[in-house]
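# Observations on the model geometry
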Amino acid sequence: MYPVNEGLEAVSDRTVLEIDLGAIRRNWRMVRDTFTGHSVGAVVKQDAYGFGASRIVPLLASLGCRDFWVVSFEEGLEIRALLPEARVFVLHGLAGAPVAEFRANALVPVLVDAAELPMARAEAARRGPFDVALQFDTGLTRLGLTLGDVRRLRDEADAFAGLRVAAYVTHLARFADPFAHRNVQQWRRFRSWSSVLPAAPLSFCASAGVFGDSSRHCALARVGSAIYGVETTPARPQPITFAARLTAPILRVMDVRAGVEVGYGGVYRTPRPSRLAHVAAGYGDGIPFSFRHQAHVRIGGRPAPIVGGVAMNLMTVDVTHLPEGSVRPGARVEFYGPDAPVDRLAAAAGIAPNALMVPTAHRAHRIYRDSEATPVARPAGHGVLEQGKAAGDAA
Ligand SMILES: *Cc1c(COP(=O)(O)O)cnc(C)c1O
């Protein structure tokens, strides 16, 4: 991407997320070209997984993405304001607003419970045909219609009166292993349940599914993680590029003797004379508390373990083994980045990649780069082509 530190002087006291729009474009094309169904929709919930919907959504639309999936009504409004023409699915059903508000903003609720169907029908009876999607609860025991609901709706004459079904949706419980037996079971239920209701496009695959068995691609994919370069299938690496880097600055470097307590409650005691670097990042910045003994950051590409706990906006790193010049106040430590994707650091702490990335990305100052921007020619004599930053790309 770009050297750590470049252009970050102005935010030298907080976490920074650098986002490579070029990598996002490449990931999008890879997903789109791999998917054999009708079209790929982008999941942009949680402010596009923390990458910033206001930049990511128009970018994806410019690459041909027409369907966007969010969780809440409020997120739906944000996408609608950015893209008047897009189709926007709201995964939490009708919970967020009166049903008429969904119509007024052309948002498609993905109904999460059979009890929402009468509300949708009533809206259709009041103002004419109404677009909905339906989720099926085929294995997660979470949201969507059950087998009992499906049977009842099949036998009810007016169950879908006035409704246009834009999609049937289900979500895998074992997405990380697209070939797991339980997934086959969910797949069979999905096919069977949808076959007895009014015909509509099926949406089965999230990121992992697109890179899994293509015979289960169906019409509409809902892809989040892969667009941002986050691996969701550790055992089966996907051809994607991690598109962000999270860094935080060192505030202070100090040499201490052996046997010194570091952090609240003396959680760490130096086993030998040590050099410590105190870093401006903590759980208030989304760094999991569980990182206190199980994770490391990187400084100048070299790993350095977190010691002495994770405080609200502060943590300590043992840098005894690092070259002296590389560790100084103002230098930035890297949590994850192109050479150290988020899934690896998350795995070291036993959490899901998005459980680390989304909270940290949300709270960081975001800077947009573009590795695909037109190369800028240096004046004659230098003879080097350098990757240029598109004008206005640094937010
Ligand atoms: C978040 C979400 C997705 C996207 O999953 P990724 O693995 O990030 O691609 C798809 N469908 C539903 C219902 C989701 O909640």
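Let me begin by describing the structure that accompanies this report. (Residues numbered from 1 in each chain as written. Predicted model: local features only at pLDDT ≥ 70, side-chain atom pairs only at ≥ 80, totals over all residues. Heavy atoms only, no water.)

## So, the overall build of the protein
Check the secondary structure of the protein and you find twelve helices and 20 strands. By its C-alpha atoms, the protein is 80 × 60 × 40 Å across when sized along the principal axes. The buried share among the 395 residues of the protein stands at 52%. Within the protein, counting contacts between residues at least 6 apart in sequence, those at least 24 apart form 66% of the total. Approximately 17,300 Å² of the protein is accessible, and the part contributed by carbon and sulfur atoms is 53%. Here the protein contributes 44 positive and 37 negative side-chain charges, whose respective centroids are spaced 3 Å apart. (Helix = DSSP H or I, 4+ residues; strand = E, 2+ residues; numbered from the N terminus. Buried < 20%, exposed > 50% of the residue type's maximum accessible area, 1.4 Å probe, protein only. Contact = heavy atoms within 4.5 Å. Areas by Shrake-Rupley, 256 points an atom, 1.4 Å probe, with all protein chains shown as cover. Lys, Arg positive; Asp, Glu negative; His and termini not counted. Charge placed at Lys NZ, Arg CZ, Asp CG, Glu CD.)

## Some remarks on the nonpolar core
If you look at the biggest cluster of nonpolar residues, it comprises 116 residues, and the most contacted ones within it are V44, F51, L60, F68, F335 and Y336. Per-domain counts for this core show at least three residues from each of domain 1 (1–20 + 242–395) and domain 2 (35–228). Not counting the four nearest positions on each side in its chain, V44 is found in contact with V57, L60, F68, W69, V70, I79 and Y228. Membership of the second largest hydrophobic core comes to five residues, among which are V262, Y268, L276 and V307. (Core = buried A, V, L, I, M, F, W, Y, C linked by side-chain atoms within 4.5 Å. Domains from an automatic or database assignment.)

## Quick word on the pairing of strand β6 (residues 130–135)
By the criterion of burial, β6 is predominantly enclosed, with five of the six residues buried. With two bridges connecting them, strand β5 (residues 107–111) and β6 associate as parallel partners. In the sheet register, L111 faces β6, and the bridge partner there is L134. For the crossover that starts at β5, traverses helix α6 (residues 117–127) and ends in the parallel β6, the hand is right-handed. The sheet contact formed by β6 and strand β7 (residues 163–169) spans six bridges and is parallel. Its bridge partner lying in β7, L134 is registered against Y168. (Pairing = 2+ DSSP bridges. Right-handed = clockwise from strand over helix to strand, strands pointing away.)

## Comments concerning the packing of aromatic side chains
A full pass over the atoms with the stated rule returns eleven aromatic pairs. Plain terms: the ring middles of Y283 and F289 are 6.2 Å apart, the flat faces sit at 75° to each other, and that makes the pair edge-to-face. Connected via pairs of aromatic rings, a cluster forms that spans F136, Y168, W187, F190, W193 and F204. The aromatic ring of Y368 is capped on one face by R55, whose charged end is 4.5 Å from the ring centroid. Over the aromatic face of W69 sits the side chain of R222, whose NZ or CZ is 5.8 Å from the ring centroid. (Phe/Tyr/Trp six-rings, centres within 6.5 Å; stacked < 30°, edge-to-face > 60°. Lys NZ or Arg CZ within 6 Å of the ring centre and 35° of its normal.)

## Describing helix α3 (residues 53–62)
Within α3 the residues assigned to the buried category are A53, I56, V57, L59, L60 and A61. Of the surrounding secondary structure, the elements contacted by the buried residues of α3 are α1 (21–34), β2 (39–43), α2 (45–49), β3 (67–70), α4 (73–82) and α10 (225–228).

## Here's the deal with a nonpolar patch on the surface
Taken together, Y283, F289 and M312 make up a surface patch of nonpolar side chains, about 320 Å² in accessible area. Mapping M312 onto the fold places it in the loop between β15 (302–310) and β16 (315–318). (Patch = residues over 30% accessible without salt bridge, like charges linked within 9 Å, V, L, I, M, F, W, Y side chains within 5 Å. Salt bridge = Lys/Arg side-chain N within 4 Å of Asp/Glu carboxyl O.)

## So, the pattern of salt bridges
Across all of its chains, the model carries 22 salt bridges by this definition. Of the charged contacts in the structure, one is a salt bridge between D255 and R275, with a shortest N-O distance of 2.8 Å. With D255 in strand β10 (residues 244–256) and R275 in strand β13 (residues 274–279), this residue pair connects regions lying 20 residues apart in the sequence. Judged by relative accessible area, D255 falls into the exposed class, the value being 54%. One salt-bridge network, held together by shared partners, links D20, R25, R26, R29, D370 and E372.

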